[in-house]
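The lines below spell out each chain.
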Amino acid sequence: MSERPTPPPHNLTHLNYHKIPPHKVDVPGGIIDAHNHTAAPELTRLFVDVAADYGVTQFYTMCQLEHVAGLKAEFPGQFHFVAVPAWKLQMTFDDAFVEDWIRRLDGFASQGSKLIKFHAAPGTCRRWGITLDDPRIQRVAKYAYDLGYHFMTHVGDPKAWFFGKGTYSDGTYGKFEDQFAQLERMLEKYPDRIHLGAHFGGSLEAIDALARRLDKYPNYIVDSSATKWIARAVAEQSTDALRNFLIAYQDRILFGSDLVVGEKYDYAHYASRYWVHQHIWEGEGRIKSPIADPDAGQGFNPKTGEFDPARATGSPELAGLHLPNEVLLKLYRTNTERWLPR
């Protein structure tokens, strides 16, 4: 008997992603994905089609300014745009880059954008020598503020990366908890604007700290994006505690996938992320995750930052939170309609 072929990293459990599980709740108008990264219309078409199969009809997306007009023409009424600079791995964060970023802010504003994203993950800050406090970032923030923009931030990264053999474990990046002071200074400087924290504000592994931040800053909201990270954070903690947190802050959380459009991705890759999210928010019980995750199942305890043999499963898991229908409706659509500018 021949061996079963090695499954792809987006389908370890050999699912048929075309056989879409029914949603627990009907969402009038469809789900809004408030965090994704699209590209030219011809590359984005498959992503939009897969999203539609999973009930997603609208998007707040981070694409380059050059693709905005094409996406609006190809997908009328479906896309809203988050203003981003022309990030490249090989670049210098200098005055010319800042000037181009400001020019792009004008261009995005002319297309109706009112949300700007700042990327201040530890690796980004190290690579380009910046933080949210940097005078160049503050110059862009002030310019955006004067144009009427609201703010989106990526601060922090998975807690596991700060321990063991993680990306930030050499001690030169500071501690996990150190990453958020710059965010709070931004929140305090612009209290009258909406602030969207990407990836649960980088804090789903520290929900007590996140709760305090949400309590202190009434215009701070978060999205659920970064599928592997969020799935891992949910599976490694008490599902009762997380469910209670999501219910308590049900008006402050937006749905997002963090899917990235690209030539190398097929239907199953895009579908896998929406399938996983659906199980986390709507499903019950623990199952093996269909998505490969090198940071999962390694025995990391997010509370202690230490190895816990009981957590060393060797494979990623999904834990279903089975959220109430009224919470799902807010997560999937009405919170985004309420909070994000159009």
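Residue positions within a chain follow its written sequence, with the count starting from 1. Only residues with pLDDT of 70 or above have their local features reported here, since the model is predicted, and side-chain atom pairs are shown and tallied only from 80 upward, although totals for entire chains, interfaces and linings are computed over all residues. Neither water nor hydrogens contribute to the side-chain values; these are computed over all heavy atoms in the structure.

**Re the overall build of the protein chain**
Under the scheme used here, helices are H or I runs from DSSP no shorter than 4 residues and strands are E runs no shorter than 2 residues, and both carry numbers assigned from the N terminus. For the protein chain, the count of helices and strands is 12 helices and 13 strands. Taken against the 2.2 N^0.38 rule, which gives 20 Å for 342 residues, the C-alpha radius of gyration of the protein chain at 20 Å falls within 12% of a compact globule. Seen through its principal axes, the protein chain has C-alpha atoms that stretch 60 × 45 × 40 Å. Burial classes follow relative accessibility: with a 1.4 Å probe on protein chains only, a residue under 20% of its type's maximum area counts as buried, one over 50% as exposed, and anything between as partly exposed. The buried share among the 342 residues of the protein chain stands at 56%. Residue exposure ignores everything except the shown protein chains as possible cover, and the areas themselves are Shrake-Rupley values with a 1.4 Å probe. Element-wise, carbon and sulfur atoms account for 52% of the exposed surface of the protein chain, whose accessible area totals about 14,700 Å². The size measure is the radius of gyration over C-alpha atoms, and the globule rule it meets is 2.2 Å times the number of residues to the 0.38 power.

**Regarding the environment of P218**
With respect to the helices and strands, P218 occurs in the loop between α8 (207-216) and β7 (220-223). In sequence terms P218 and T6 are 212 residues apart; their C-alpha atoms lie 48 Å from each other. Here, residues are in contact when the closest pair of their heavy atoms is within 4.5 Å. Not counting residues within four places of it along the chain, the set of residues in contact with P218 comprises R252 and W339.

**Some remarks on helix α5 (residues 135-147)**
With 13 residues, α5 ought to run about 18 Å at 1.5 Å a step, and its terminal C-alpha atoms sit 18 Å apart, in line with that. Along α5, the residues that are buried comprise I137, Q138, V140, A141 and A144. Axial view of α5: buried residues confined to an arc of 160 degrees, hence all on one face. Counted as exposed and oriented over 90 degrees from the buried face of α5: P135 and D146. Packing partners of the buried residues in α5 comprise α3 (95-110), β4 (115-120), β5 (150-155) and α6 (181-189). Here a polar contact means two N or O atoms within 3.5 Å. Within protein one must be a hydrogen donor candidate and the other an acceptor candidate, and residues neighboring in sequence count only if both atoms are side-chain atoms. Capping the start of α5 is the job of one residue whose side-chain oxygen sits 2.7 Å from the backbone nitrogen of R136: D134. Among the residues trailing α5, G148 stands out with phi positive, at a value near 95 degrees. One less than the residue count of a helix, multiplied by 1.5 Å, gives the span that helix is expected to have. Read the arc as the range of directions from the helix axis to the C-beta atoms.

**Concerning the sheet that holds strand β8 (residues 253-254)**
By definition, the strands of a sheet pair up through backbone hydrogen bonds, in either a parallel or an antiparallel sense. Pairing between strands requires that DSSP locate at least two bridges from one strand to the other. One open sheet accounts for nine strands, arranged β8-β7-β6-β5-β4-β3-β2-β1-β9; its pairing is parallel. Looking at strand neighbours, the two that pair on one side only are β8 and β9 (259-260), the edges of this open sheet. As defined by bridge partners, strand β1 (residues 31-37) adjoins strand β2 (residues 56-61) across four bridges and the pair is classed as parallel. If you follow D33 over to β2, its bridge partner there is F59.

**Re the nonpolar core**
Residues grouped as a nonpolar core are buried Ala, Val, Leu, Ile, Met, Phe, Trp, Tyr and Cys residues, joined through side-chain atoms within 4.5 Å. Judged by nonpolar contacts, the single largest core of 105 residues is most densely connected at I116, F118 and W281. Among the elements that take part in this core, helix α11 (residues 267-282) stands out by supplying nine residues, more than any other. Setting aside chain neighbours within four positions, we find F118 in contact with W101, L132, I137, V140, A141, F151, M152, T153, H154 and M186.

**Quick look at α3**
In this model α3 runs 23 Å from its N-terminal to its C-terminal C-alpha over 16 residues, within 8% of the 22 Å that 1.5 Å per residue would give. The set of residues buried in α3 consists of F97, V98, W101, I102, R104, L105, G107 and F108. Where α3 is buried, its residues contact α2 (68-74), β3 (79-83), β4 and α5.

**Regarding the environment of R333**
Following the sequence through the fold, R333 ends up in helix α12 (residues 325-339). When the C-alpha positions of R333 and P122 are compared, they lie 31 Å apart, and in sequence the two are 211 residues distant. Here the side chain of R333 touches G30 through a polar contact of 2.8 Å, landing on its backbone oxygen.

**Describing the packing of α8 against helix α10 (residues 239-248)**
Here an angle of 0 to 180 degrees is reported between the N-to-C directions of two axes, which are lines fitted to C-alpha atoms, with helices fitted over the stretch in contact. One can describe the packing of α8 onto α10 by two numbers: an axis separation of 11 Å at closest approach and a directional angle of 10 degrees. Considering their axes alone, α8 and α10 lie roughly parallel with respect to each other. Touching I207, L210, A211 and L214 of α8 are A241, L242 and F245, all from α10. Partitioning the contact of α8 with α10 into residue classes produces seven nonpolar, no polar and no charged. Each angle gets one of four labels, with under 35 degrees taken as roughly parallel, over 145 as roughly antiparallel, 65 to 115 as roughly perpendicular, and the rest as oblique. When residues are grouped by polarity, Ala, Val, Leu, Ile, Met, Phe, Trp, Tyr, Cys and Pro land in nonpolar, Asp, Glu, Lys and Arg in charged, and all others, Gly among them, in polar.

**Quick word on the side chain of N36**
Mapped onto the elements of the fold, N36 is located in strand β1. Among the residues examined, N36 registers a relative accessible area of 0% and is labelled buried. Of note is the side chain of N36, whose polar atom sits 3.3 Å from the backbone oxygen of Y60. If sequence neighbours within four positions are ignored, N36 has contacts with F47, F59, Y60, T61, M62, S257, D258 and L259.

**Considering unusual backbone geometry**
At H14, a position not held by glycine, the phi torsion is positive, near 60 degrees. Of note, H14 is situated in the segment before β1. One non-glycine residue, D258, lies in the positive phi region at around 70 degrees. Mapping D258 onto the fold places it in the loop between β8 and β9.

**Overview of the packing of α11 against α12**
At a closest axis distance of 11 Å, the pairing of α11 and α12 adopts a crossing angle of 145 degrees. Two secondary-structure elements touch here, α11 through Q278, W281 and E282 and α12 through L328, L331 and Y332. In the contact of α11 with α12, the residues fall into four nonpolar, one polar and one charged.

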